[in-house]
There are 4 protein chains.
Amino acid sequence: MIDPEALITLFKNTRSLTEEICSHLKTEDYVVQPIVDVSPPKWHLGHTTWFFETFVLQENLTGYEAYDPRYAYVFNSYYETAGDKVIRSDRGNLSRPTVSEVYDFRKHVTEKMLDLLENNELSEEVKKVIELGCHHEKQHQELLLTDIKYILGNNPLHPVYREGFREYKTEDLPQEWIEIPEGIYEIGHSNKEDFSYDNELGRHKVFLNPYKISNKLVTNKEYLEFMEAGGYEQVLLWHAEAWDWIHENEITAPQYWYKVNDSWQQYTLAGLKDLDPEAPVTHLSYYEAFAFAQWKGLRLPTEFEWETAQERFDWGQRWEWTESAYSPYPNYTKPPGTLGEYNGKFMVNQKVLRGCSVATSPNHTRPTYRNFFHPHLRWQFTGLRLAK
Amino acid sequence: MIDPEALITLFKNTRSLTEEICSHLKTEDYVVQPIVDVSPPKWHLGHTTWFFETFVLQENLTGYEAYDPRYAYVFNSYYETAGDKVIRSDRGNLSRPTVSEVYDFRKHVTEKMLDLLENNELSEEVKKVIELGCHHEKQHQELLLTDIKYILGNNPLHPVYREGFREYKTEDLPQEWIEIPEGIYEIGHSNKEDFSYDNELGRHKVFLNPYKISNKLVTNKEYLEFMEAGGYEQVLLWHAEAWDWIHENEITAPQYWYKVNDSWQQYTLAGLKDLDPEAPVTHLSYYEAFAFAQWKGLRLPTEFEWETAQERFDWGQRWEWTESAYSPYPNYTKPPGTLGEYNGKFMVNQKVLRGCSVATSPNHTRPTYRNFFHPHLRWQFTGLRLAK
Amino acid sequence: MIDPEALITLFKNTRSLTEEICSHLKTEDYVVQPIVDVSPPKWHLGHTTWFFETFVLQENLTGYEAYDPRYAYVFNSYYETAGDKVIRSDRGNLSRPTVSEVYDFRKHVTEKMLDLLENNELSEEVKKVIELGCHHEKQHQELLLTDIKYILGNNPLHPVYREGFREYKTEDLPQEWIEIPEGIYEIGHSNKEDFSYDNELGRHKVFLNPYKISNKLVTNKEYLEFMEAGGYEQVLLWHAEAWDWIHENEITAPQYWYKVNDSWQQYTLAGLKDLDPEAPVTHLSYYEAFAFAQWKGLRLPTEFEWETAQERFDWGQRWEWTESAYSPYPNYTKPPGTLGEYNGKFMVNQKVLRGCSVATSPNHTRPTYRNFFHPHLRWQFTGLRLAK
Amino acid sequence: MIDPEALITLFKNTRSLTEEICSHLKTEDYVVQPIVDVSPPKWHLGHTTWFFETFVLQENLTGYEAYDPRYAYVFNSYYETAGDKVIRSDRGNLSRPTVSEVYDFRKHVTEKMLDLLENNELSEEVKKVIELGCHHEKQHQELLLTDIKYILGNNPLHPVYREGFREYKTEDLPQEWIEIPEGIYEIGHSNKEDFSYDNELGRHKVFLNPYKISNKLVTNKEYLEFMEAGGYEQVLLWHAEAWDWIHENEITAPQYWYKVNDSWQQYTLAGLKDLDPEAPVTHLSYYEAFAFAQWKGLRLPTEFEWETAQERFDWGQRWEWTESAYSPYPNYTKPPGTLGEYNGKFMVNQKVLRGCSVATSPNHTRPTYRNFFHPHLRWQFTGLRLAK
């Protein structure tokens, strides 16, 4: 049973945090889409709003009419069953609606949602969709930060997003191996009351061989050793398609690393900074994380190993690549209808990442949370932890 | 000899007209680049300013330092000899400098230019570069209007640029054939005093066979007859690469034509309007102009025929496609140095257009003016006049 | 310990079977490469020969010199550590060496290999490489048949490869569900004496939930029901990238299905034939296998479920898509050196297939054999078995 | 009036010369298509045969039925009005019909054509189509030689086509400038009796300014000076799209030039040979010819200048790039029907070449002959002659 008051608080806080994130932008920053994976911030603002309008207001608020019926076309993302949409690569071609018009749309929908939440006794089913909408918007908050980082970090002027934004804390402890004995372990989300995504559900047993997992994330210093040892030139460390990828894209360092006058700098949301050797390395693809582990004679953990061991180390700075492909858990079933498109349809050709990052919204992760990306992507705050 | 006062007036008027054109935009409209041929308006504002800074101020105003040395990288267009540049397809990925920062840059350079113009006796050579810079900016004024039309006209919301913008006047006269006898005619710009581009110079003789040229542009009504007669499906009317182009791009009508409830509408800078059958047809590629002429059993004039006959008809509403490929005139020589890149390097694979359009800036065309575009492009206000 | 006599027999039989497969071809059929995944038959002939020359003769036969040093460049496939190579998409551009020259190369290497095998006491290590070379060639025998099928089956003349080639036998038994109780099962190859690939090694425990698996492969009739029910148009059945794939490639049926006068025909290695509704469906991508299972409300088995249950059903007609991504087994280690490129570097973005097909060479599969392909590929004899 | 006996001789000689050209090939050489512009030799054999079957036999020989109706699909090239066709880039994917089957098809059609020619009184119109078919086949004879050169010259084994094939003779005379006074000159084919293509017809007047044209082709030695002076790195010498082209394709020398142990070799139809400094340079694109002329401070002649002066110099070794774009002559009209596709539909984005080359078939050129190619193509025996 979702508590109505808690839901109103969740909704309000979520909506205002999104706006706080965007408050540091110039109008122009809201508009551009430098690569297909990065969406314009104003699209995120509109899309998260469209979600509530389409899946909550239009179905549950009597007499509600779409704020502007053409917005459905502009702000739908990938819900094929919810109508036509602007193709993803064209989002950055739309100067209208303007930023201010999108904020008007947000304000309107937020008010109508509060009207619905405050003046109606909602069914559990409707409350669940609203709760999902909030978590959906939290996911877009992280995407907003990483997309903004891409937009500003690839601009030749390297503008600052927000002075003082901290992208890491150093882990001031010696590297050690945590040992986990062989055995049967339980994996997945079990508590029916708490929120979770469909892809975490179906708690189930797995058998694990004995393994060791590091208590620390890999640092910039360690990664630099790999680079200086010629890691990017040793073919046997790389997957075949990784090798093609680094050559086609001329990859020789993590994203946002710039060599300035012979020393490494890193673009951060607080601007260009000297590389801190003790910081956890970030903005790596799975391919690079794997090659680094090969070079060390070690490996990445599976998502099951990670979940089983996670109580024994600190996590939360970097999304941690695992060796696991993103697949359905036993007995996974898609939710019915349009919301069934949420997770299941991406369960091929992607790798699972566990934990969360400095860009993740508060209360948006869990030990069972399964994030996933294609193996070449690295504009998220990704990192790695070794196992053996 | 260029008159200094006239030059100051030309400079001031040119700079302010550019800003007037942009005054109808929202900030977001300045930023996007929906196709590679269309540049973001703020790029035009910066590029025309960069031209004066690079080719005039840095070479002639003592002690002048670049307003921001990184802008050279952002606002260079195609002058390979003038340093590195953002590749053309990436212009729409840059949210910074912001629109307001670009206006500050403009203001700074305009003031310094006026300082230079008003307080110095400039050599004829320098005055010529300034004059060229003004004509260069006039070219970008037309591009601004056509790029804005593309940005707004391809937005699903079809926003208005400026109420009351007139894209044509109807030609209220019967179609007639103007007859020109065979003979030797003089072609090209002769007056050394007046401004012209390098590609018009070298007045020279050509021999023309007797021909007839229409006193009127082809109208929407006539073009619609071609469409309704299945013109787009008759392979023998089309060049081989035109046939491929219409199929790959699913072209079945001029650009900006939309069929709404079974009747044709046209996006104009004043918004969506009913198609006026008497208006001169526009936004055609050369391929379509050629196919239309084939269908009529007629042809396009050459640029020499057009120039020879132009005194006997009204022109100025549409850039008129000619059959002539864009080639150097006899004895054409490139200007030395970077400005030599201005015209000559485009003299392959393009077709000449003559006249001017409703989007052309005042005093920016001449009977000898040679415009040129690749044969598939149609976001300019192009049109056609028949010959036989 | 590999028995020398058995190894000679294996070598001779393997070499002659390859040549038997090709004996049904015209010279022209050996040369073409209609898509990047399909190699010209003469390339297979040369590549399997180059393998023995490079990894056996040049390292172990005293005084052996390369038959033609330029062939290394022509016939290397993906061994990055073994020198430069013709890029894969260019193999079909090479008319030389001719087919007859490639057979001469084969004959030379086969004779030298027999010389080595018959007149020397070889170390276990060398015998293992020879054994691997034979199994490598067996893999190429299956590729030869499927590549030939692609070459002939996409030719507008639909030529016959070999009259009487049988692509299936019908399974004349009622469909039933085999039930497997939950428990810990052993997976992977254990017998150190028998040949296996590196990717099967490391026998290890897995925990399986209770499940049911079909005793029969899905038939053409069942798949046709899916097609006729509009399976290819129901977005919720498909992965997101599958949906893009079927639209970009206009996929509406398995590969080699042709609708002729309103009834379905299928290209087989014996030519075009009427579709047999009872035959096991084949030439499906993983995407299609998955969508079919979704439509039935069922799923594909994992590779562990398949391996555990396989003794209780007949298999061997079709490579069976599983839900498992191709990943390393616990404690997987690459063999050292160039042969380490054999399997490990493909362990990303591919799906495991189990069993074998009508095109698989004799004695070339095992219950633990792990085949793998990208999820969109379907020129192999793929099929599916349902689980729940 | 075409003389029947002469026509039979023309037909026989043409058919047998095609076969003589191919007699030096291996079967495999007939099959491949390394780039889209190069067709497999067996396609040329079939296509020239299909031309006679489709445009002559099927329309004029009573009771003639297509040898194999499916061949129309395989061997049609670009006649959109003559039915579906294999797309050009797929010709190299077809192993069938085999070379021997194509020769059977040729033999059959040749015999039926001789039957028609020898036993019937043919109308002038039919004789003209046969004559056109012979000239069409002569064009394909030159393409055969240049396509074979591409196929063998890009094979890493560099096989010889025919020992003793001479690709040039050196011009043993001093370079001089031929002066032509200004005036009105006649251009185009006039003799109604002799064969010519539609694009040469319409003899007409042009006015030429006084000019000078070289008596010699540019040599390898001269071109090497341009290369050694850094010609490929000086942006101001190149058209904008040429500059992009040389960078995308990493062009730094004419085609078929290979640097072996610090000295230049050239692949010829007789195999790899040392570069002869006195030989006329060949296998240049228009872009390179233009850049070379710019570097010399000179230019290419127009096609009118070339035709007017051609009696005063030797030509015939190289197709000579001109500055002229390929456009219709005044009063050009397409022939009616399918044969109207012959020339007119290519009159955009191509450059005219004049003369002929060492690969041109006997009696296949004239002073008025207009060859044409896209400016980046260079697998023909192209060259250049300077003008000023």
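Residues numbered from 1 in each chain as written. Chains lettered and ligands numbered in written order. Predicted model: local features only at pLDDT ≥ 70, side-chain atom pairs only at ≥ 80, totals over all residues. Heavy atoms only, no water.

Draft legend 1. Structural context of the interface of chain A and chain C. Contacts between the two partners involve 36 residues from chain A and, on the opposite side, 36 residues from chain C. Roughly 2,900 Å² of surface becomes buried between chain A and chain C when both sides are summed, with 58% attributable to carbon and sulfur atoms. If you look at where chain A meets chain C, you find two salt bridges. The partner of A:Glu182 in a salt bridge is C:Lys205, and the shortest N-O contact between them spans 3.4 Å. Of all the secondary structure elements, the ones that give two or more residues to the side of chain A that touches chain C are strand S3 (204-208), helix H7 (240-248), helix H8 (286-295) and strand S8 (319-325) of chain A. In terms of residue class, the side of chain A that touches chain C is made up of 17 nonpolar, 10 polar and nine charged. (Contact = heavy atoms within 4.5 Å. Buried area = accessible area lost by both parts, 1.4 Å probe. Salt bridge = Lys/Arg side-chain N within 4 Å of Asp/Glu carboxyl O. Helix = DSSP H or I, 4+ residues; strand = E, 2+ residues; numbered from the N terminus. Nonpolar A, V, L, I, M, F, W, Y, C, P; charged D, E, K, R; others polar.)

Draft legend 2. Quick peek at a negative patch on the surface. A surface patch of like charges, here negative, comprises A:Asp3, A:Glu5, A:Asp115 and A:Glu118. Structurally, A:Asp3 can be placed in the segment before helix H1 (4-22). (Patch = residues over 30% accessible without salt bridge, like charges linked within 9 Å, V, L, I, M, F, W, Y side chains within 5 Å. Areas by Shrake-Rupley, 256 points an atom, 1.4 Å probe, with all protein chains shown as cover. Lys, Arg positive; Asp, Glu negative; His and termini not counted. Charge placed at Lys NZ, Arg CZ, Asp CG, Glu CD.)

Draft legend 3. Just the relation of the copies chain A and chain C, in detail. Screw-axis analysis of chain A against chain C gives a translation of 0.0 Å along the axis, an RMSD of 0.0 Å, and a rotation angle of 180°. Classification of the inter-copy transformation places it as that of a two-fold axis. The share of interface residues of chain A whose copies in chain C are also at the interface is 100%, consistent with both copies meeting through the same surface. (Least-squares fit on C-alpha atoms with pLDDT ≥ 70 in both.)

Draft legend 4. Representation of the sheet that holds strand S7 (residues 271-274) of chain C in the model. Residue and element names in this part refer to chain C. Strands sit in the order S5-S6-S7 across an open sheet of three strands; the sheet is antiparallel. Two strands in the sheet have a free side with no partner beyond their single neighbour: strand S5 (257-260) and S7. Within the sheet, the average angular offset between the axes of one strand and its neighbour, ignoring direction, is 40°. Two strands pair when backbone bridges link them, and S5 and strand S6 (residues 263-268) are joined in this way by four bridges, in the antiparallel orientation. Considered in S6, the bridge of Lys259 is made with Trp264. (Pairing = 2+ DSSP bridges. Axes fitted to C-alpha atoms, helices over the stretch in contact; angles between N-to-C directions.)

Draft legend 5. Seen up close, the interface of chain C and chain D. Taken residue by residue, the interface counts 27 residues in chain C and 27 residues in chain D. Interface area for chain C against chain D, summed over the two sides, is near 2,400 Å², with a carbon-plus-sulfur share of 61%. Considering only the side of chain C, the residues that lose the most area to chain D are C:Glu28, C:Arg96 and C:Leu157, jointly responsible for 31% of the buried surface there. Counting every contact that joins chain C to chain D gives two salt bridges. Mapped by element, the contributors of at least two residues to the side of chain C that touches chain D are helix H3 (71-75), helix H4 (99-119) and helix H5 (124-153) of chain C. With three residues, the single largest contributor to the side of chain C that touches chain D is H3(C). Among the residues making up the side of chain C that touches chain D, the classes are represented as 14 nonpolar, eight polar and five charged.

Draft legend 6. Geometry of the domain arrangement of chain A. All names here are of chain A. The domain architecture assigned to chain A consists of domain 1 (4-153) and domain 2 (177-383). With centres defined by C-alpha atoms, the gap from domain 1 to domain 2 works out at 27 Å. Across the contact, 28 residues belong to domain 1 and 28 residues belong to domain 2. Together domain 1 and domain 2 conceal approximately 2,600 Å² of surface at their shared face, both sides included; 60% is due to carbon and sulfur atoms. Connecting domain 1 to domain 2 are zero salt bridges. The tally of links between domain 1 and domain 2 comes to 13 residue pairs in polar contact (both at pLDDT 80 or more). Among the elements of the structure, helix H2 (41-60) and helix H5 (124-153) are those that each provide at least two residues to the side of domain 1 that touches domain 2. Top contributing element to the side of domain 1 that touches domain 2 by residue count: H5, with 18 residues. Among the residues forming the side of domain 1 that touches domain 2, the class breakdown is 14 nonpolar, seven polar and seven charged. (Domains from an automatic or database assignment. Polar contact = N/O pair within 3.5 Å; in protein donor to acceptor, adjacent residues only side chain to side chain.)

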